[in-house]
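Chain by chain, the residues run as shown.
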Amino acid sequence: MQHSSSPSKQKSNEITYIRNKSHQPMVFLENACTETRMLEKRRQMFEISEALEHQKDEFARREDAFRRREDSLRKKDLQLQESLIKFNKFLQDNERKKTRAIKRTADENRNTELKSVESNKKFEKLQEKASNEKVCKDELVKNGKYRTYLSNFVDFMQGTSDEFSEIQDILNRHRTLTETNSQLIEQQKKSVTESELRRAELFQLSRDKVNSILNRNNEIASLQKNLETVTLSTVGMQSMADATYQDVNVKVSELGQVHASVENLFLRLENQAQRYKKKKPVEPLGTTTTSPSTPSGDNDHGKSSISSTINSRKTLEYLETIADYITDYQSITEEW
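On a predicted model such as this, the values are computed, not experimentally measured, just so you know. (Residues numbered from 1 in each chain as written. Predicted model: local features only at pLDDT ≥ 70, side-chain atom pairs only at ≥ 80, totals over all residues. Heavy atoms only, no water.)

Draft legend 1. Quick look at the overall build of the protein. Helix and strand counts for the protein stand at six helices and zero strands. N-terminal to C-terminal, the α/β element order of the protein is α-α-α-α-α-α. Out of the 336 residues in the protein, the part that is buried amounts to 10%. Counting only contacts in the protein whose residues sit at least 6 apart along the sequence, the fraction spanning at least 24 positions is 61%. Accessible surface, the protein: about 29,200 Å² in total, of which carbon and sulfur atoms supply 57%. (Helix = DSSP H or I, 4+ residues; strand = E, 2+ residues; numbered from the N terminus. Buried < 20%, exposed > 50% of the residue type's maximum accessible area, 1.4 Å probe, protein only. Contact = heavy atoms within 4.5 Å. Areas by Shrake-Rupley, 256 points an atom, 1.4 Å probe, with all protein chains shown as cover.)

Spelled out as structure tokens, the structure:
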């Protein structure tokens, strides 16, 4: 770092010196002629060129020194890298050897522990076998009298029957009876358990049925009460409908009478007017009245309402015509 900084500092000092040197004659040649100034400028340019050439040579020399130093450093770096690689390889080999040794030691310790545990288990089994052997010998001595009894029983049975020819046959029969007894006891337990379950299911079903019957009875009573209420409401509405229907029939009868009266009056006026002038015959007003005592259906009622509407319109037309006639009569009367 010191070598790289000092050349740059010297270079900047030389350039500063050249610049200062080029500006010094300006102080002394302010009153000189033009040719003198030109010569001075050429001299300064020559000095600057010499200084630049000197600087180039110095730079080339230093660059060559730097290049040689760089090559030397690169070689040292390569040697250092090779040394590091070798040392790293050496460390890795040692680490692998250490790891293998630790693993081998752990495996040996584990195998030792396993062998020790296995040895203890085998020793415990050996002790257990020895104790079992002692128990079996004691049991053999204890059951020797039973063997003697069974042998005597087989000898006795061979003289009377061939059912038990050996002691093993008696033991097999005893085993079969014991297993059958166990199965029967287990079956009895299952039967009792199943019986209890069926009894509980029957009790629950009976209680559910009783509750269902009570709920249905309550629903029937509620529906019957609603039916009575609806029946009373229907009777009242039917009475109101009959009264309304009778009123409608009365109104229709009165409306028919009004239609007939208006038509009669209109025809009379028309007949009176036809004496003086000829006029097209007027369509008679159809009066459709319904008897209050004979109610009609929905279709007849619809047709009657349509006919009543048409007759009402014609009646209004007739009334307007009658009003015109009356007005004409009043004006004629007033003129006379």
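Draft legend 2. Summary view of the nonpolar core. Counting seven residues, the largest nonpolar core is built from Val-262, Phe-266, Leu-269, Ala-273, Tyr-318, Ile-322 and Tyr-325. Elements with a minimum of two residues in this core: helix H5 (167–274) and helix H6 (298–335). At four residues, the largest contribution of residues to this core is made by H5. Apart from the residues lying within four places of it in its own chain, the contact partners of Leu-269 are Ile-322, Tyr-325 and Tyr-329. Leu-150, Met-157, Phe-164 and Ile-170 belong to the second largest nonpolar core, which has six residues in total. (Core = buried A, V, L, I, M, F, W, Y, C linked by side-chain atoms within 4.5 Å.)

Draft legend 3. Broad picture of the packing of aromatic side chains. On inspection of all chains with the given rule, the structure shows one aromatic pair. Relative to Tyr-318, the ring of Phe-266 has its centre 4.2 Å away and its plane inclined at 15°; by these criteria the two rings are stacked. A residue pair is termed long-range when its members are at least 10 positions apart, and Phe-266 in helix H5 and Tyr-318 in helix H6 qualify at 52 residues. Of the two residues, Phe-266 and Tyr-318, neither departs from the other in class, the shared state being buried. (Phe/Tyr/Trp six-rings, centres within 6.5 Å; stacked < 30°, edge-to-face > 60°.)

Draft legend 4. Spatial organisation of the side chain of His-259. One can find His-259 in helix H5. You can call His-259 buried: its relative accessible area is 5%.

Draft legend 5. Spatial organisation of the pattern of salt bridges. Inspection of the entire model under this criterion finds 16 salt bridges. Two residues, Arg-43 and Glu-47, come together in a salt bridge whose shortest N-O distance is 2.4 Å. Here Glu-47 and Arg-43 lie together in helix H3 (residues 34–142), a separation of four residues that amounts to about one turn. Residue classification places Arg-43 among the partly exposed positions, given a relative accessible area of 36%. Through salt bridges with shared partners, one network takes in Glu-63, Asp-64, Arg-67 and Arg-68. (Salt bridge = Lys/Arg side-chain N within 4 Å of Asp/Glu carboxyl O.)

Draft legend 6. Main features of H5. Here H5 is 108 residues long and its end C-alpha atoms lie 149 Å apart, about the 160 Å a rise of 1.5 Å per residue gives. Regarding H5, the residues found buried are Ile-167, Ile-170, Asn-249, Val-252, Gly-256, His-259, Val-262, Glu-263, Phe-266, Leu-269, Glu-270 and Ala-273. (Expected span 1.5 Å × (residues − 1).)

Draft legend 7. The arrangement of the confidence of the model for the protein in detail. Considering every residue of the protein, the mean pLDDT works out to 78; 79% of them sit at 70 or more. Taken as a whole, residues 14–28 scores under 50 in pLDDT and shows 11 contacts with residues more than four places along the chain or in a different chain. Low pLDDT, under 50, characterises residues 279–299; the predicted model gives this stretch 36 contacts beyond four residues in sequence or across chains. (pLDDT = per-residue confidence, 0-100.)

Draft legend 8. Geometry of H3. Here H3 contains 109 residues, and its C-alpha end-to-end distance of 153 Å stays within 8% of the 162 Å for a straight helix at 1.5 Å per residue. Along H3, the residues classified as buried are Glu-40, Gln-44, Gln-55, Glu-58 and Arg-62.

Draft legend 9. Quick peek at a nonpolar patch on the surface. A contiguous nonpolar surface patch, about 310 Å² in accessible area, is contributed by Phe-87, Phe-90 and Leu-91. Tracing the backbone through its elements, the reader meets Phe-90 in helix H3. In this structure Phe-90 comes out as partly exposed when scored by relative accessible area, which is 49%. (Patch = residues over 30% accessible without salt bridge, like charges linked within 9 Å, V, L, I, M, F, W, Y side chains within 5 Å.)

Draft legend 10. How the structure looks around the environment of Glu-270. Residue position: Glu-270 is located in helix H5. Assessed through its relative accessible area of 3%, Glu-270 is described here as buried. For the pair Glu-270 and Thr-321, spaced 51 residues apart in sequence, the C-alpha separation works out to 9.7 Å.

Draft legend 11. Representation of the environment of Tyr-325 within the structure. Mapped onto the elements of the fold, Tyr-325 is located in helix H6. With 56 residues separating them along the chain, Tyr-325 and Leu-269 place their C-alpha atoms 7.7 Å apart.

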